[in-house]
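Residues per chain are reported as follows:
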Amino acid sequence: MTTTERSLEYPREIIDEYIRLGFDAVFLRPISPYGFAVRTGEAARYQMERFLQFYREGLDYIIDLNRSGIPIMEIYAQILLRKILTPFATGYVDLQSPAGAVLGAVAYNFDGRVYASDEARMLAAMGDDSFCLGHVDDGYEALFGGEVAQALAAGSVMESLPGCSDCAFLPFCGADPVFNYRSQGDIVGRKPTSAFCQKNMTTIGLLLGLLKDGDEFTRCLLTSWGTGIPATS
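A few points about the overall build of the chain
From N to C terminus, the chain includes 10 helices and 7 strands. For the chain, whose C-alpha radius of gyration is 19 Å, the value lies close to the compact-globule estimate of 17 Å for 233 residues. Taking the principal axes of the C-alpha coordinates as reference, the chain spans close to 55 × 40 × 30 Å. Buried positions account for 43% of the 233 residues belonging to the chain. Within the chain, contacts between residues separated by at least 24 positions form 59% of all contacts whose residues are at least 6 apart in sequence. Each charge class in the chain can be summarised by its mean position, and for the 19 positive and 29 negative side chains these summaries are 4 Å apart.

Here's the deal with unusual backbone geometry
Omega for the peptide link from S97 to P98 comes to -5°, which places this bond in the cis form. Positive phi, normally seen in glycine, also occurs at V102, with a value near 75°. In this fold, V102 is placed in the loop between α4 (75–85) and β5 (107–108).

Considerations on the side chain of N180
Structurally, N180 can be placed in helix α8 (residues 177–184). A distance of 3.0 Å separates a polar side-chain atom of N180 from the backbone oxygen of V188. Apart from residues no more than four positions distant in its own chain, N180 is found in contact with G185, D186, I187, V188, G189, K191 and S194.

A short note on the state of the cysteines
Summed over the entire model, instances satisfying the criterion amount to 0 disulfides. A disulfide-free cysteine, C167 has its sulfur positioned 6.8 Å from the sulfur of C164, the nearest such atom.

Some remarks on the pattern of salt bridges
Where charged atoms from two side chains of opposite charge approach closely, those side chains can pair. Under the definition given, this model contains 9 salt bridges. We note a salt bridge from E9 to R50, for which the minimum N-O separation is 3.3 Å. With E9 in the loop between β1 (2–3) and α1 (11–20) and R50 in helix α3 (residues 48–67), this pair connects stretches of sequence that are 41 residues apart. For E9, a relative accessible area of 53% gives the class exposed. A single network of salt bridges, built from pairs that share partners, joins D64, R67 and D215.

Side note on the environment of M122
With respect to the helices and strands, the residue M122 is situated in helix α5 (residues 118–125). With a relative accessible area of 22%, M122 lands in the partly exposed category. Considered as a pair, M122 and K83 are 39 residues apart in the sequence and their alpha carbons are 28 Å apart.

Thoughts on the packing of aromatic side chains
The geometry of two aromatic rings is summed up by the distance between their centres and the angle between their planes. Counted according to the given criterion, the structure contains 9 aromatic pairs. Taking the centre distance of 6.0 Å and the plane angle of 35° together, the rings of F51 and F54 count as tilted. In this pair, F51 and F54 both sit in helix α3, 3 residues apart, roughly one turn of the helix. With respect to burial, F51 and F54 carry one shared label: buried. Grouped by ring-pair contacts, the aromatic residues F27, Y76 and Y92 constitute a single cluster.

What counts, and at which threshold
- Residues numbered from 1 in each chain as written.
- Predicted model: local features only at pLDDT ≥ 70, side-chain atom pairs only at ≥ 80, totals over all residues.
- Heavy atoms only, no water.
- Helix = DSSP H or I, 4+ residues; strand = E, 2+ residues; numbered from the N terminus.
- Rg over C-alpha atoms; globule rule 2.2 N^0.38 Å.
- Buried < 20%, exposed > 50% of the residue type's maximum accessible area, 1.4 Å probe, protein only.
- Contact = heavy atoms within 4.5 Å.
- Lys, Arg positive; Asp, Glu negative; His and termini not counted.
- Charge placed at Lys NZ, Arg CZ, Asp CG, Glu CD.
- Polar contact = N/O pair within 3.5 Å; in protein donor to acceptor, adjacent residues only side chain to side chain.
- Disulfide = S-S within 2.5 Å.
- Salt bridge = Lys/Arg side-chain N within 4 Å of Asp/Glu carboxyl O.
- Phe/Tyr/Trp six-rings, centres within 6.5 Å; stacked < 30°, edge-to-face > 60°.

Here it is, written out as structure tokens:
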């Protein structure tokens, strides 16, 4: 579920619609600064803080729905809780170190060009081919061992990045060099002003707070999301 400017006012109504349509999960995510969202101006119309307010309201409502007997899960919280509560990988490309771009996923375009991620493909559609790995005819070694692939891997090892290496949330977070490049002009990014960091630090902090200080029902519910073990309270 991509949160447009108009969506920000209706977290409960959006979640209710998912339930009405038979879904038992929803992924609340902000707009990314690529492609259609840029062309329509949506990406520039709200700040991350406004989305995080929407997310907090939505998560609180989802918890209340579960409390009333209506089962529905928020997927981003589930991914983070799996990282927080278990030693198991999630496979989620945006929360890996080094980044999942190239190493966890690539995008093959209709013209045979190969991109580090779908976001890199969307960036190319906007006229910036910085993260094109090459063409399918170039061969495996050229694509996945080339300069672009090596730069993305080297620039997204969190344990060596300024602002990440000493962050308490490092084990639960990840790196997104394509987003950093698009929003801040380089693949490492400046963490104090990064929307990626703001989103993840706020969301991780929110979940840790609920695990520590939430009531028994909330703690059991979130634990069940992260571990896959059904809640007992």
